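So the chains spell out like this:
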Amino acid sequence: MQQLPQLLILMIRLFSKYSASSSKMVTFYFKNKDNSLTKVTTPIGQNLLQIAHKNEVDLEGACEQSLACSTCHVILPKQLYDKLPQPVPEEEDLLDLAYGLTETSRLGCQVKVDEKFENVIIQLPKATRNFYVDGHKPKPH
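Residues numbered from 1 in each chain as written. Predicted model: local features only at pLDDT ≥ 70, side-chain atom pairs only at ≥ 80, totals over all residues. Heavy atoms only, no water.

Undergrad: Please clarify how the pattern of salt bridges should be interpreted in this entry.
TA: Side chains bearing opposite charge may pair, as long as their charged atoms lie close to each other. All chains considered together, the criterion is met by four salt bridges. A salt bridge links Lys33 to Asp58, with the nearest nitrogen and oxygen atoms 3.8 Å apart. Here Lys33 is found in the loop between β1 (25-31) and β2 (37-43), whereas its partner Asp58 is found in the loop between α2 (48-54) and β3 (73-75), with 25 residues between them in sequence. (Salt bridge = Lys/Arg side-chain N within 4 Å of Asp/Glu carboxyl O. Helix = DSSP H or I, 4+ residues; strand = E, 2+ residues; numbered from the N terminus.)

Undergrad: Which parts of the structure should I look at to understand the environment of Leu124?
TA: Relative to the elements of secondary structure, Leu124 occurs in the segment after β5 (121-123). Here Leu124 falls in the buried class, since its relative accessible area comes to 1%. With 19 residues separating them in the primary sequence, Leu124 and Ser105 have C-alpha atoms 9.8 Å apart. If we ignore the near neighbours within four places in the chain, the residues touching Leu124 are Phe30, Lys31, Asn32, Val57, Asp58, Leu59 and Val74. (Buried < 20%, exposed > 50% of the residue type's maximum accessible area, 1.4 Å probe, protein only. Contact = heavy atoms within 4.5 Å.)

Undergrad: Would you take a moment to explain the pairing of β1 for this structure?
TA: Bridge analysis of β1 against β2 gives seven bridges, and the strand direction is antiparallel. Residue pairing for β2: Val26 is matched across the bridge by Thr42. Remark: five residues form the turn of the hairpin made by β1 and β2, two consecutive strands paired antiparallel; Asn35 in that turn has positive phi of roughly 75 degrees. Sheet analysis places β1 next to β5, joined by three bridges and oriented parallel. Following the sheet pairing, Lys31 is matched in β5 by Gln123. (Pairing = 2+ DSSP bridges.)

Undergrad: Whenever I open this one, the packing of aromatic side chains confuses me. Can you help?
TA: Inspection of the entire model under this criterion finds two aromatic pairs. Taken together, Phe28, Phe30 and Phe117 form an aromatic cluster joined through their ring pairs. (Phe/Tyr/Trp six-rings, centres within 6.5 Å; stacked < 30°, edge-to-face > 60°.)

Purely geometric numbers; function is a separate question.
Structure follows, in structure tokens:
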């Protein structure tokens, strides 16, 4: 019978630890195509595309995060880019198709936000390459 209270205490500790870590927030900015800034405050652990869509930032994401296009291309500051994990080969291949590619380009769907993003400005390129012939621009779900 004494194991039940100990198990309950352990579960409460794990839940408290998880809740505290998942509630950490970070604030940063998207520099839009018109050079205006959109300030966002978001929980750590989401990717840039998810955050952009939740904050009505015009970042396309035509493949819905399936790593099959380059429409969520973003440009990171060099000091942030150098601190992040390297892109996987599939991301590098897709970045070759991105409009306005730079040395610090990444796909927003592949970059998870953490404490390093605090007060950083994420640049959106002036255009994207979407291979829809009719100019269709998918809306986020």
